[in-house]
Amino acid sequence: MGRVIAIANQKGGVGKTTTSINLASSVAAAEVNTLLVDCDPQSNASSGLGFVKDPDRISTYDVLMGMASAEEALQKLELDQLWVIPAHKNLIGANLELIDVERREFQLRDALAPVRDRFQFILLDCPPALDLLTLNALVAADSVLIPMQAEYFALEGISELLDTVQRIRQSFNSRLEIEGVVLTMFDERTNLAQQVAAELRNYFAEKLFTATIPRNIRLAEDPSHGKPALVYDVRSRGAESYIRLAKEVLENEAKRRTQALDALVVETEDRADELGDVSENELADQQLPRAVKDTQESVAAEIASEVTEQAPAAAEPAADALQQVAGNDAAVSASDVSEQPEPAAQIPNQQVPDAVVQANQPARPAIAEHGD
Ligand SMILES: Nc1ncnc2c1ncn2[C@@H]1O[C@H](COP(=O)(O)OP(=O)(O)OP(=O)(O)O)[C@@H](O)[C@H]1O
Ligand SMILES: [Mg+2]
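Since we're looking at a predicted model, the values are computed, not measured. (Residues numbered from 1 in each chain as written. Chains lettered and ligands numbered in written order. Predicted model: local features only at pLDDT ≥ 70, side-chain atom pairs only at ≥ 80, totals over all residues.)

Asker: Tell me about the nonpolar core, and please be specific about residues and values.
Answerer: If you look at the biggest cluster of nonpolar residues, it comprises 78 residues, and the most contacted ones within it are Ala6, Leu124, Ala137, Leu138 and Ala141. Setting aside its immediate chain neighbours within four residues, Ala141 contacts Val4, Ile5, Ala6, Leu124 and Leu176. (Core = buried A, V, L, I, M, F, W, Y, C linked by C-beta atoms within 7 Å. Buried ≥ 20, exposed ≤ 12 C-beta atoms within 10 Å, placed from the backbone. Contact = placed C-beta atoms within 7 Å.)

Dropping the structure here:
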């Protein structure tokens, strides 16, 4: 199943759309099936990829409102393995129209479910607001990728987004991860950029992408050509930086898959151990009758000795009968027999166990008293 990444930051103009377009095309260029869903009524990702405004084209609005399937909305792009679901400005209406819809936060997730197997990556370009559209994207996503500019109070700027991610984890989507933070329009020569990068590195650790996106004129010009940097000018610093970002995203995914496989191996081994335990238990079950027999025999011996101690007179025949079993003595003395019911006294040797049972009967009250 493909990985769904929401590209979000409620701050406007930080490079969400530029990142969506160029990351999607760089990943697709690595021969990975990729879908970009334009979730912003401004439709900048759609126009940036060459889609002129067309109110009749199936768009994200139709998919979100259940009027068309994701499959029907797919548009193929120039790059071999890149598809897009374009947006139209009518998407702004979905923010209001969804309010009364049941499971309103899950509309995008449910709509994308049938196409998730077709794509290894699905990127969602979000609007600059923490509205119902962004909420739908975060509920549909496995992770959120946050583009941000290196500026003072950078952390304060995204604290609201991080709070929202936390609340979504608690209420709608417990698996939502931070894919990473990428610094955009980055000028590494300035002290400010260096300081902010260091502060973010402290806070996000390995979640801050090593790749940074420089301020680059080609990236700003691309949308007017309706092409990603990779197609428009692959040698530009902008295109190169997004290829490096795509490489990190793909490497992280490869790591996750390796870890998932490792976990599967451990689980399989545990399962095999459990099955081993089960068959050992089955073996023990087979041995149970012998163990039960042993216990029964030792209990019988214990009862016999208790009987002898507690009620010597009544128990004598039982003790003798046990003696007979042990000694295989055929003779039962006349004095013993006199206190016993006739049949028991005449039981032949091979039936002595029955005689033991009968001989024990008069002694039972004594055992009960002893037990009390
Ligand atoms: N690395 C860059 N170098 C130069 N210009 C850039 C770069 N990244 C983005 N821009 C330009 O900055 C502007 C804002 O970028 P973009 O539209 O990607 O941001 P956004 O976060 O999607 O904005 P919005 O919040 O309005 O959706 C655009 O004009 C874009 O061309
Ligand atoms: Mg945008």
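Structure shown, so let's carry the discussion forward.
Asker: An account of the sheet that holds strand E1 (residues 3–7) is needed here, citing residue identities and associated values.
Answerer: Backbone-to-backbone hydrogen bonds join strands into a sheet, with any given pair of strands oriented parallel or antiparallel. Strand order in the open sheet formed by 7 strands is E3-E4-E2-E5-E1-E6-E7, with mixed pairing between adjacent strands. The sheet is open, and its two edges are formed by strand E3 (75–76) and strand E7 (177–184), each paired on a single side. Of the strand pairs in this sheet, E3 and strand E4 (residues 82–85) are connected by 2 bridges, and their pairing is antiparallel. Directly across from Lys76, in E4, lies its bridge partner Trp83. Each of E1, strand E2 (34–38), E4, strand E5 (121–125), strand E6 (143–149) and E7 touches helix H1 (residues 16–29); the most contacted strand, E5, lies at about 165° to it. (Pairing = 2+ DSSP bridges. Helix = DSSP H or I, 4+ residues; strand = E, 2+ residues; numbered from the N terminus. Axes fitted to C-alpha atoms, helices over the stretch in contact; angles between N-to-C directions.)

Asker: Can you explain the site of ligand 1? Please cite residues and give values.
Answerer: The local shell around ligand 1 holds 20 residues, among which Lys16, Thr17, Thr18, Pro128 and Ala220 are the closest. Among the secondary structure elements, those contributing two or more residues to the shell around ligand 1 are H1 and helix H10 (217–225). For the shell around ligand 1, the residue count by class is 7 nonpolar, 10 polar and 3 charged. (Near = placed C-beta within 6 Å. Nonpolar A, V, L, I, M, F, W, Y, C, P; charged D, E, K, R; others polar.)

Asker: Residues and numbers for helix H8 (residues 154–171), please.
Answerer: Between its first and last C-alpha atoms H8 spans 27 Å; for 18 residues at 1.5 Å apiece the expected length is 26 Å, and the two agree. Of all the bends found along H8, the most pronounced is centred on Glu160 and spans about 35°. Looking only at H8, the buried set comprises Ile158, Leu161 and Val165. Buried residues in H8 make contact with helix H7 (132–140), E6 and E7. (Expected span 1.5 Å × (residues − 1). Bend = angle between axes of the 7 residues up to and from the residue.)

Asker: Tell me about H1, and name the residues and values.
Answerer: With 14 residues, H1 extends 20 Å from end C-alpha to end C-alpha; this agrees with the ideal 20 Å at 1.5 Å per step. Of all 14 residues in H1, 14 are buried; the element is thus mostly enclosed.

Asker: Tell me about unusual backbone geometry, and name the residues and values.
Answerer: Phi is positive for Met185, which is not a glycine, with a value near 50°. Structurally, the position occupied by Met185 is in the loop between E7 and helix H9 (191–204). One non-glycine residue, Ala205, lies in the positive phi region at around 50°. Along the chain, Ala205 falls in the loop between H9 and H10. Judged by the 8 C-beta atoms lying within 10 Å of it, Ala205 falls in the exposed class.

Any functional reading would require information beyond the geometric quantities listed.
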